[in-house]
Amino acid sequence: MPKVVINNKQGLVQKGGSGLQVDSTANFTGGNKHTVVRSGGGTTTLTAANAGAVCQFDIPGASNFTLPSPELGMSFTFISTVTATADHVIQAATNNHGFLGGVQIMNTTADQTDAFSAAVDGNNDFITLNGTTTGGIAGSTLTVHAVSGSSAAGCWAVQGQLIGSGNTITPFGDAQI
């Protein structure tokens, strides 16, 4: 495949090599649509090809998203489009590829917001949203970013805004809560 060069003198030019080179100011228009992966119930195993996807918990019943082995720079956004009536789970691919960071849970039944963090050693491999005390009410969102591509603990940085009810508790665990 030839190298494509864009410049003010010649416009669009093909040259030897490969890639794209812009020697001028470039203005791009249009939008960027993310891939959407719906849980549909059961377990959905994400792959590196899904990186950047918006992952929807789209049924109230039990659903599980399993993350791929981390590669530096990968990210996934998770959104509850329905309120969980059974556990909605985000799970690291292997034991100890866990999470760093935390989430806030806004409470619908009390005038409070709580913040919870994953274990500082990065070994929590599960995030469980139960539709009440650990979040998972419709509108809950969180994002994970691969911050390490190794087999070390704490491969995924997480941040999120969850909606819960009752006496909220941490959604992070070494196993499904």
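Just above sits the structure.
Now for a quick tour of the structure. (Residues numbered from 1 in each chain as written. Predicted model: local features only at pLDDT ≥ 70, side-chain atom pairs only at ≥ 80, totals over all residues. Heavy atoms only, no water.)

Digging into the nonpolar core
As a reminder of what qualifies: What is meant by a nonpolar core is a set of buried Ala, Val, Leu, Ile, Met, Phe, Trp, Tyr and Cys residues, joined one to another through side-chain atoms within 4.5 Å. Relative accessibility thresholds used throughout: buried, under 20% of the residue-type maximum; exposed, over 50%; partly exposed, between the two (1.4 Å probe, protein chains only). What counts as a helix is a DSSP run of H or I of at least four residues, what counts as a strand is a run of E of at least two, and both are numbered from the N terminus. In what follows, residue pairs with any heavy atoms lying within 4.5 Å of each other are defined as contacts.
Ranked by internal contacts, the top residues of the largest apolar core, which has 26 residues, are Leu67, Phe76, Phe78, Phe99, Leu142, Val144 and Trp156. When residues of this core are traced back to their parent elements, those giving at least two are strand E6 (54-57), strand E8 (75-80), strand E10 (99-107), strand E12 (126-129), strand E13 (141-146) and strand E14 (156-164). Excluding residues that lie within four positions of it along the chain, Val144 makes contacts with Leu67, Met74, Ser75, Phe76, Phe78, Phe99, Trp156, Ala157 and Val158.

What to know about the sheet that holds E12
What counts, and what does not: Strand pairing is assigned whenever DSSP identifies at least 2 bridges connecting the two strands.
Taken in spatial order, the five strands make up an open sheet running E5-E7-E9-E12-E15, and their pairing is mixed. Each edge of the open sheet is held by one strand with a lone partner, namely strand E5 (42-45) and strand E15 (172-173).

Focus: the pairing of E10
Across nine bridges, the pairing between E10 and E14 is parallel. Residue pairing across strands places Val103 opposite Gly160, the latter belonging to E14. In this sheet, strand E11 (residues 113-117) lies alongside E10 in antiparallel orientation, the contact comprising five bridges. What sits directly across from Met106, in E11, is Thr113. Between E10 and E11, which pair antiparallel in sequence order, lie five residues.

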